[in-house]
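# Tertiary structure, described
What follows is the residue order along each chain.
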Amino acid sequence: MTDCPAHIIDRDMSTSSARPKTKLWLDVDTGIDDSFALLYAAASPEAELIGVSCVAGNVPVEEVTVNTAAVLDLAGLNRVEVARGADRPIERPLVTTPETHGPSGTGYSILKAPPGRISERDGVDLIVEKVRNHPGELTLVAVGPLTNIALALDQEPDLLEMLGRLVIMGGCFTVTGNTAPRAEWNIHVDPEAARKVMAAAGKGTRNLPLFVPLDVTEQVLLRPDHVARIAESAGRPLRSAQPLHADEGNPLLDFMADALRFYMEFHFGYDGIYGAFMHDPFAVAAALDPTLVETVETTVDVETKGELTTAETVADLRNAWGRPPNAAIALQGRTDLFLDRFVTRLGALARADLL
Ligand code: BDR
Ligand code: CA
């Protein structure tokens, strides 16, 4: 581990509040919106980020790991452990999506991690160890393919029971997929892992895993005016809102603008909107504040052998299978409230980074 860069405040998330905090473990494939999930966790006073495991998905796991460490350092969390996990899905070859997240995963921003910053531990081993060390206490938020979680279940079959809660950004239930007509990206990358996790959750898990799917995350649209508000509250109004450019000088704002300009251009080409869906940050926010989502308890399984529907997340909403619920799925959310919080918290974080 290295010292913080000079512009960064070294923060210790465990000590800054008298109120009990939610102990978070994030599993990420950073990724632009994953970066903002990390920043949202870093900026949330009710969160204590215990560590982060990385998984191949949006980009290969080496890039995911570097991006994750670098983003945490930008947020002043240079002591939070970042570990490399699985480099490929459990049964299929890895597919990545540079067209969505840029060649290295963070859009027009190319990040580096200082030597020694990445943990020498394996990410899957670390998940298992931390869950065993904090029984019932950790909230594990998985915002990438579920490969690491499936592999952790091989080591610790009671993993889900030992967690405070598992929150999954993934799937689509009442809306179409974003990768195939019925498939969302995270599940599409490793459907066998997702199926394994849902099978484990079907064995009577006390705390049902929470799915935060596209149904709700595609209602969370970050627009340039939100970013302008973040920049203003950090005392550095944007140079341009569309295309998005920061007034250079604040490393965190520079990163946000360079990453989001790429992501907004992607969404403009793909969805016709100059904005960006904040899938992963909303999943972290729902983990920290469950009142942000309305949920339905149901049985979820994952198609792994479909001709047209591989990676579909199937919710048995009428209980045709007669199986007990193994998930809570969020179909509606208080997305405006979340976006306000996101702006306020990231603005405060960017302000704190200006020394
Ligand atoms: C999910 O896919 C990834 O590209 C994003 O990071 C998010 O986790 C949305 O489908
Ligand atoms: Ca992700």
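Rules used in this analysis
Residues numbered from 1 in each chain as written. Chains lettered and ligands numbered in written order. Predicted model: local features only at pLDDT ≥ 70, side-chain atom pairs only at ≥ 80, totals over all residues. Heavy atoms only, no water. Near = heavy atom within 4 Å. Polar contact = N/O pair within 3.5 Å; in protein donor to acceptor, adjacent residues only side chain to side chain. Areas by Shrake-Rupley, 256 points an atom, 1.4 Å probe, with all protein chains shown as cover. Helix = DSSP H or I, 4+ residues; strand = E, 2+ residues; numbered from the N terminus. Salt bridge = Lys/Arg side-chain N within 4 Å of Asp/Glu carboxyl O. Donors = N, O, S within 2.8 Å, 3.2 Å for Na, K, Ca; no water. Buried < 20%, exposed > 50% of the residue type's maximum accessible area, 1.4 Å probe, protein only. Contact = heavy atoms within 4.5 Å. Pairing = 2+ DSSP bridges. Axes fitted to C-alpha atoms, helices over the stretch in contact; angles between N-to-C directions. Phe/Tyr/Trp six-rings, centres within 6.5 Å; stacked < 30°, edge-to-face > 60°. Core = buried A, V, L, I, M, F, W, Y, C linked by side-chain atoms within 4.5 Å. pLDDT = per-residue confidence, 0-100. Left-handed = near helix turned anticlockwise from the far one by under 90°. Nonpolar A, V, L, I, M, F, W, Y, C, P; charged D, E, K, R; others polar.

## Considerations on the site of ligand 1
- Contacts to ligand 1 come from 13 residues, most closely from Asp 33, Asn 58, Asn 178, Glu 184 and Asp 280.
- Asp 34 places a side-chain nitrogen or oxygen 3.0 Å from an oxygen atom of ligand 1.
- For ligand 1, an oxygen atom lies 3.0 Å from a polar atom in the backbone of Val 143.
- Surface burial for ligand 1 is 96%, taken as the share of its 280 Å² of free accessible area covered by protein chains.
- Only helix H1 (32-43), helix H7 (185-189) and helix H12 (279-288) provide two or more residues apiece to the shell around ligand 1.

## Quick notes on the pattern of salt bridges
- This model, assessed by the stated rule, comprises 17 salt bridges.
- A salt bridge links Glu 46 to Arg 345; its shortest N-O distance comes to 3.1 Å. Of this pair, Glu 46 sits in the loop between H1 and strand S2 (47-54) while Arg 345 sits in helix H13 (residues 335-352); the two residues are 299 residues apart in sequence, bridging distant segments of the chain.
- In this structure, Arg 121 and Glu 129 form a salt bridge, with 2.8 Å as the shortest nitrogen-oxygen distance.
- Three or more residues joined by partner-sharing salt bridges are found here, namely Arg 195, Asp 301 and Arg 323.

## Observations concerning the coordination of the calcium ion (ligand 2)
- Around the calcium ion (ligand 2), the donor atoms from the protein are Asp 29 (OD), Asp 34 (OD), Asp 34 (OD), Val 143 (O) and Asp 280 (OD), and they sit 2.3 to 2.7 Å away.
- In primary sequence terms, the donor set of the calcium ion (ligand 2) follows D-x4-D-x108-V-x136-D. Here Asp 34 is found in helix H1, whereas its partner Val 143 is found in the loop between strand S4 (138-142) and helix H5 (147-155), with 109 residues between them in sequence.

## Some words on the environment of Gly 170
- Relative to the assigned elements, Gly 170 resides in the loop between strand S5 (165-169) and H7.
- Gly 170 sits in the buried class, given a relative accessible area of 0%.
- Separated by 98 residues in sequence, Gly 170 and Phe 268 place their C-alpha atoms 22 Å apart.
- With sequence-adjacent residues up to four places away left out, Gly 170 is seen in contact with Glu 184, Ile 187, Phe 211, Val 212 and Pro 213.

## Brief notes about the sheet that holds strand S1 (residues 22-28)
- Read from one edge of the open sheet, 8 strands run S3-S2-S1-S4-S5-S6-S14-S11, paired in mixed fashion. Edge positions in the sheet fall to strand S3 (81-84) and strand S11 (293-298), since each of these pairs with one other strand and no more. Averaged over all neighbouring strand pairs, the angle between strand axes comes to 25°, with direction disregarded.
- As judged from the 3 bridges shared by S5 and strand S6 (residues 210-212), these two strands associate in the parallel manner. Note that in S6 the partner of Val 167 across the bridge is Leu 210.

## A word on the packing of aromatic side chains
- Using the criterion set out here, one finds 9 aromatic pairs in the structure.
- Taking the centre distance of 5.2 Å and the plane angle of 70° together, the rings of Tyr 108 and Phe 262 count as edge-to-face. Residue Tyr 108 is located in the loop between helix H3 (98-101) and helix H4 (123-133), and its partner Phe 262 is located in helix H11 (residues 251-271); the two are separated by 154 residues in the primary sequence.
- On the basis of relative accessible area, Tyr 108 is assigned to the partly exposed category, the value being 41%.
- When the ring of Phe 338 is compared with that of Phe 342, the centres are 5.6 Å apart and the planes differ by 55°; the resulting orientation is tilted. Residue Phe 338 and its partner Phe 342 are both found in helix H13; the two are separated by 4 residues, about one turn of the helix.

## What to know about the nonpolar core
- Counting 81 residues, the largest nonpolar core has Leu 26, Phe 36, Leu 39, Leu 260 and Met 278 as its most contacted members.
- Looking at this core element by element, the count peaks at 10 residues for H11.
- Non-local contacts of Phe 36, meaning those with residues more than four positions away in its chain, are made with Phe 255, Met 256, Ala 259, Leu 260, Met 278, Pro 281, Phe 342 and Leu 346.
- Counting 39 residues, the second-largest nonpolar core is a separate cluster that includes Ile 50, Leu 159, Phe 211 and Ala 311.

## Quick word on the confidence of the model for the chain
- Chain-level pLDDT for the chain is 94 on average; 94% of the residues reach the 70-or-more range.
- Here residues 1-8 is a poorly scored stretch, pLDDT under 50, and it has 19 contacts once near neighbours within four places are set aside; other chains count.

## So, the packing of H1 against H11
- Between H1 and H11, the shortest axis-to-axis distance is 10 Å and the interhelical angle comes to 145°. Remark: the crossing between H1 and H11 carries left-handed chirality. For the pair H1 and H11, the contacting residues are Ile 32, Asp 33, Ser 35, Phe 36 and Leu 39 in the first and Leu 252, Phe 255, Met 256, Ala 259, Leu 260, Phe 262 and Tyr 263 in the second.
- Of the residues contributing to the contact of H1 with H11, the split by class is 10 nonpolar, 1 polar and 1 charged.

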